[in-house]
Amino acid sequence: SKPPGFFIISIVYAVMGGCGYLTYGDTVHVLVTEDLVQYPGGLTPTVATWLILIGSFCKISPLMVVAGECTEGVVGIVKPWQQRLLRTILFSAVSVTAYLLRNDVDLIEAMTGSVATSITALIVPAVGYALVSGAFHVSTWSDVGTLVGVALTILLSVLLVVGNTIEVCNRLE
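Just so you know, these numbers come straight off a predicted model, no measurement behind them.

Draft legend 1. A look at the pattern of salt bridges. Tallying each qualifying case throughout the model produces one salt bridge. Of the charged contacts, one joins Arg 87 and Glu 72 as a salt bridge, the two residues approaching to 2.9 Å between their closest N and O atoms. Here Arg 87, found in helix α4 (residues 80-100), pairs with Glu 72, found in helix α3 (residues 43-75); they are 15 residues apart in sequence, far enough to count as distant. Taking relative accessible area as the criterion, Arg 87 reaches 27% and is therefore assigned partly exposed. The buried category is assigned to Glu 72, whose relative accessible area is 4%.

Draft legend 2. Here's a closer look at the side chain of Glu 72. Among the polar contacts made by the side chain of Glu 72, one reaches the side chain of Arg 87 at a distance of 2.9 Å. Once residues within four sequence positions are removed from consideration, Glu 72 is found in contact with Ile 77, Gln 83, Leu 86 and Arg 87.

What counts as what
- Residues numbered from 1 in each chain as written.
- Predicted model: local features only at pLDDT ≥ 70, side-chain atom pairs only at ≥ 80, totals over all residues.
- Heavy atoms only, no water.
- Salt bridge = Lys/Arg side-chain N within 4 Å of Asp/Glu carboxyl O.
- Helix = DSSP H or I, 4+ residues; strand = E, 2+ residues; numbered from the N terminus.
- Buried < 20%, exposed > 50% of the residue type's maximum accessible area, 1.4 Å probe, protein only.
- Polar contact = N/O pair within 3.5 Å; in protein donor to acceptor, adjacent residues only side chain to side chain.
- Contact = heavy atoms within 4.5 Å.

Right, dumping it as structure tokens:
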């Protein structure tokens, strides 16, 4: 009876993007908050920008832990000092990359957003459904359709990441 969360978020993004384009025209930035801080300026856009910044810092630490644990499991690192060293190296690499790409925040945001969205909204549900439904055993046309959907989902996700990566590389030249 109530609208799904993604529908509401999509409407909010569409309205914000449309209003940003109507206000700033062709010069609108991908991250509309950049424009809002300059015009009209004031307390509300500044607070919104700071909340986004604080939210990013709150997300980085858990992501570093997950990235560290995944890497440590593959490499076989179990000693605490080795874990700290690897995580320090990962954090340093991310920090240097962020500094080098500081002028391309819009593309980095698009890339990280597309990766996260692809994994959480497309790949995991599609593969999970295929596993639960037994579609990997391919006994019916429905199973074939499910596997084609999974393959297309993974292909779309890869294309999003590759496209964003190529754009970042082109901007760096």
